[in-house]
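Report on the structure
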Amino acid sequence: DAKTTQPPSMDCAEGRAANLPCNHSTISGNEYVYWYRQIHSQGPQYIIHGLKNNETNEMASLIITEDRKSSTLILPHATLRDTAVYYCIVRLGNNAGNMLTFGGGTRLMVKP
Amino acid sequence: DTAVSQTPKYLVTQMGNDKSIKCEQNLGHDTMYWYKQDSKKFLKIMFSYNNKELIINETVPNRFSPKSPDKAHLNLHINSLELGDSAVYFCASSQGRPLSGANVLTFGAGSRLTVL
């Protein structure tokens, strides 16, 4: 699996967009980018995933660069409830086992 | 109507004891998992079952034994508990065979095990 690099922590003002970067320079052509988050004392929560194209859902937007070596998760209007650790994971979509491995992630602190 | 439920939420026990953590999902998913989150907060896969069949067994001591009575349940039994087993254990589920589609997992709230 391709390794991912994320900043350990970020701050964001409430109501502003939170842009969380992720580097995955060794990603291969058939690997997907997934984002999960873990709010304190809860289980991880799926946010979004993509392969090549930008994706948007009710929670966030995922922007993947053309060379696919990096991506950005965008929370358009961050709220205090978005304070969590955000994990960027690269994984084969058809790999045996759905074995997601969660690294250190980015601790996002949304401040009033 | 919790999607993935684990019991107990907290478990405190002595070294050497045997304990179990139960997991149930009502999503109709085919695949279930156990993950361990250590004190450094890294989440690692331990086991995965698809339709009651073991499909992933990571390098986990054989004191850990998963049991899947049906595809909606995956229980984790731990024998001879050690201090290093203290962690938060998360159950998760996903739809479809592991070779299919995207890795969208639904996690439970976690079970915090403390071994004294």
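Residues numbered from 1 in each chain as written. Chains lettered and ligands numbered in written order. Predicted model: local features only at pLDDT ≥ 70, side-chain atom pairs only at ≥ 80, totals over all residues. Heavy atoms only, no water.

**Thoughts on the sheet that holds strand 7 (residues 64-70) of chain B**
All names here are of chain B. For the record, the criterion: Paired strands, as defined in this entry, are two strands with at least two bridges between them according to DSSP. Secondary structure follows DSSP: runs of H or I at least 4 residues long count as helices, runs of E at least 2 residues long count as strands, and numbering of each begins at the N terminus. A fitted line through C-alpha atoms serves as each axis, taken over the contacting stretch for helices, and the angle formed by two N-to-C directions is quoted from 0 to 180°.
Overall, antiparallel pairing links the 4 strands, which are arranged 1-3-8-7 in an open sheet. The open sheet has two free edges, formed respectively by strand 1 (4-7) and strand 7, since each of these has just one partner strand. Between one strand axis and the next, the sheet turns through 20° on average, direction left out of account. The pairing of strand 7 with strand 8 (residues 73-78) spans 5 bridges and is classified as antiparallel. Note that in strand 8 the partner of Asp70 across the bridge is His73.

**Here we look at the side chain of Gln25 of chain B**
Residue and element names in this part refer to chain B. Under the convention used in this document: Each polar contact in these results corresponds to two N or O atoms within 3.5 Å; when the atoms are within protein, one needs to be able to donate a hydrogen and the other to accept it, and residues that are neighboring in sequence are counted only if both atoms are side-chain atoms. Should any heavy atoms of two residues lie within 4.5 Å, those residues are considered in contact.
Within the fold, Gln25 resides in strand 3 (residues 19-25). Within the structure, the side chain of Gln25 is placed 3.0 Å from the backbone nitrogen of Leu27, a separation counted as a polar contact. In terms of polar contacts, Gln25 uses its side chain to reach the backbone amide nitrogen of Gly28, at 3.2 Å. Residues in contact with Gln25, not counting those within four places in the same chain, are Ala3, Val4, Met32, Lys71, Ala72 and Ser93.

**Re the pattern of salt bridges**
Two side chains that carry opposite charge are able to pair once their charged atoms sit near each other. Defined as follows: A pairing counts as a salt bridge when a side-chain nitrogen of Lys or Arg comes within 4 Å of a carboxyl oxygen of Asp or Glu.
Under the counting rule described, the total for this entry stands at 5 salt bridges over all chains. We note a salt bridge from Arg37 of chain A to Asp82 of chain A, for which the minimum N-O separation is 2.8 Å. Within this pair, whereas Arg37 of chain A is found in strand 3 (residues 31-38), its partner Asp82 of chain A is found in the loop between strand 7 (70-75) and strand 8 (84-92), the two being separated by 45 residues in sequence. Among the salt bridges present, the one from Arg63 of chain B reaches Glu82 of chain B, with a minimum N-O distance of 3.5 Å. You can see Arg63 of chain B sitting in the loop between strand 6 (53-57) and strand 7 and its partner Glu82 of chain B sitting in the loop between strand 8 and strand 9 (87-94), a full 19 residues away along the chain. What emerges from the salt-bridge pattern is a single network uniting Arg63, Glu82 and Asp85 of chain B.

**Things to note about the confidence of the model for chain B**
Condition: Each residue carries a pLDDT score, the predictor's confidence in it, ranging from 0 to 100.
Per-residue pLDDT for chain B averages 88, and the proportion of residues at 70 or more is 92%. Across chain B, strand 3 of chain B holds the top mean pLDDT of 97, while strand 6 of chain B sits lowest at 77.

**Examining the pairing of strand 9 of chain B**
Residues and elements named next belong to chain B. The cut-off we apply is this: Burial status follows relative accessibility: with a 1.4 Å probe on protein chains alone, a residue under 20% of its type maximum counts as buried, one over 50% as exposed, and anything between as partly exposed.
By the criterion of burial, strand 9 is predominantly enclosed, with 8 of the 8 residues buried. What you see with strand 9 is no split at all: Ala87, Tyr89, Cys91 and Ser93 on one side and Val88, Phe90, Ala92 and Ser94 on the other are buried throughout. Sheet topology note: the strand 4 (residues 31-37)/strand 9 ladder contains 7 bridges and is antiparallel. The partner of Thr31 across the bridge, within strand 9, is Ser94. Relative to strand 11 (residues 111-115), strand 9 runs antiparallel, the two being bridged by 3 bridges. Paired with Ala87 across the bridge in strand 11 is Leu113.

**Let's talk about the packing of aromatic side chains**
Definition in use: Classification of ring pairs rests on two measures: the distance between centres of Phe, Tyr or Trp rings, Trp counted by its six-membered ring, which must be within 6.5 Å, and the angle between planes, read as stacked under 30 degrees, edge-to-face over 60 and tilted in between.
Applying the stated criterion to the full structure yields 11 aromatic pairs over all chains. Consider the rings of Phe102 of chain A and Phe107 of chain B, whose centres lie 5.8 Å apart with planes at 85°: the pair is edge-to-face. Here Phe107 of chain B lies in strand 10 (residues 106-107) and Phe102 of chain A lies in the loop between strand 8 and strand 9 (106-111), a pairing that spans two chains. Phe102 of chain A gets classed as buried once you look at its relative accessible area, which sits at 1%. Its relative accessible area of 10% is what places Phe107 of chain B among the buried residues.

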